[in-house]
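# Architecture at a glance
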Amino acid sequence: MELILRNGDYVPDGVGGLRRAAGQEALLQRVLFRLTARRGAFPFWEDLGSRLWQLGRLPASQRQAAAKQYVAEALSGEKGLRVESVELAEGSGGAALTVGLSHGDEVMSVSLDILT
């Protein structure tokens, strides 16, 4: 079981300890961490994280394809996880990313906002 993180902080369990995640909840937490962490920011684990933060450097016409590549790259370390879809919806000052995933028989999705 893994400790639950929200906005960079561990989540208390209300009785002096910390909440833990298991199963699909733990997998989704790892996925969100891998997608939001900047790739190359961890000196001893350079492949951890994504390059999604770099999307704003690309022409708008290349961002959807790059988002697919960056998501696949970031999640390649999760065994048995398949990226089914990546949708990038751009707005003024940012973008919403929705990733469809499957793990065994489970289908799930995660959404996050990205500054572009």
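Attention in this report is confined to the structure presented alongside it. Residue positions within a chain follow its written sequence, with the count starting from 1. Only residues with pLDDT of at least 70 are given local features in this predicted model, and only at 80 or more are side-chain atom pairs given and counted; all residues enter the totals for whole chains, interfaces and linings. Values shown for side chains rest on all heavy atoms present in the structure; no hydrogens or waters enter the calculation.

Turning to the overall build of the chain, a few remarks are in order. A count of helical and extended segments in the chain gives two helices and seven strands. In the chain, the succession of α and β elements from N to C terminus is β-β-β-β-α-α-β-β-β. Taking the principal axes of the C-alpha coordinates as reference, the chain spans close to 50 × 30 × 30 Å. Looking at the chain as a whole, 33% of its 116 residues qualify as buried. Counting contacts in the chain only where the partners sit at least 6 residues apart, residues at least 24 apart contribute 31% of the total. Using a 1.4 Å probe, the Shrake-Rupley method yields the accessible areas, and only the shown protein chains count as cover for residues. Accessible area of the chain: about 7,200 Å², with a carbon and sulfur share of 52%. For helices the rule is a DSSP run of H or I covering at least 4 residues; for strands it is a run of E covering at least 2, with both sets numbered from the N terminus onward. Burial classes follow relative accessibility: with a 1.4 Å probe on protein chains only, a residue under 20% of its type's maximum area counts as buried, one over 50% as exposed, and anything between as partly exposed. Throughout, a residue-residue contact means that at least one pair of heavy atoms, one from each residue, lies within 4.5 Å.

Our next topic: the pattern of salt bridges. One side-chain nitrogen of Lys or Arg within 4 Å of one carboxyl oxygen of Asp or Glu is enough to make a salt bridge. Taken as a whole and assessed by the stated rule, the structure comprises nine salt bridges. Measuring nitrogen to oxygen at the nearest pair gives 2.5 Å for the salt bridge that ties E2 to R30. Linking E2 in strand 1 (residues 2–3) with R30 in helix 1 (residues 23–36), this pair joins segments that are 28 residues apart in sequence. With relative accessibility at 27%, the residue E2 sits in the partly exposed group. Exposure remark for R30: the relative accessible area of 27% places this residue in the partly exposed category. Here E78 ties to R30 by a salt bridge, and the two come within 2.9 Å at their closest N and O atoms. Of this pair, E78 sits in the loop between helix 2 (63–75) and strand 5 (81–91) while R30 sits in helix 1, and the two are 48 residues apart along the sequence. A cluster of three or more residues bridged by salt bridges with shared partners is formed by E2, R30, R34 and E78.

This paragraph deals with the nonpolar core. Of all hydrophobic cores here, the largest spans 22 residues; its most connected members are L35, L52 and L97. Mapped by element, the contributors of at least two residues to this core are helix 1, helix 2, strand 5, strand 6 (94–103) and strand 7 (106–114). It is helix 2 that provides the largest number of residues to this core, a total of six residues. In contact with L97, other than residues within four places in its own chain, are L52, A67, V71, V86, E87, L88, V110, S111, L112 and I114. Nonpolar core, defined: a set of buried Ala, Val, Leu, Ile, Met, Phe, Trp, Tyr and Cys residues in which side-chain atoms within 4.5 Å join the residues together.

Bringing a nonpolar patch on the surface into the picture now. Judged by side-chain polarity, L5, Y10, L18, F33, F42 and W45 come together as a nonpolar surface patch covering roughly 570 Å² of accessible area. Checked against the element boundaries, W45 lands in the loop between helix 1 and helix 2. Only residues above 30% relative accessible area that lack a salt bridge enter a patch, with like-charged residues linked at up to 9 Å and the nonpolar side chains Val, Leu, Ile, Met, Phe, Trp and Tyr linked at up to 5 Å.

What follows deals with the sheet that holds strand 5. Strand pairing in a sheet relies on backbone hydrogen bonds, with the paired strands running either antiparallel or parallel. In space, the three strands of this open sheet follow the order 5-6-7, with antiparallel pairing throughout. Pairing within the sheet leaves two strands with one partner each, and these edge strands are strand 5 and strand 7. The average angle at which neighbouring strand axes cross in this sheet is 15°, direction not considered. Paired strands, in this sense, are two strands between which DSSP finds at least two bridges. The pairing of strand 6 with strand 7 spans nine bridges and is antiparallel. Residue pairing for strand 7: L101 is matched across the bridge by M108. Simply put, an axis is a line fit to the C-alpha atoms, just over the touching stretch for a helix, and the angle between two N-to-C directions goes from 0 to 180 degrees. Here helix 1 sits on the sheet in contact with strand 5, strand 6 and strand 7, set at roughly 35° to strand 7. The sheet strands contacting helix 2 are strand 5 and strand 6, and the helix crosses strand 5 at an angle near 140°.

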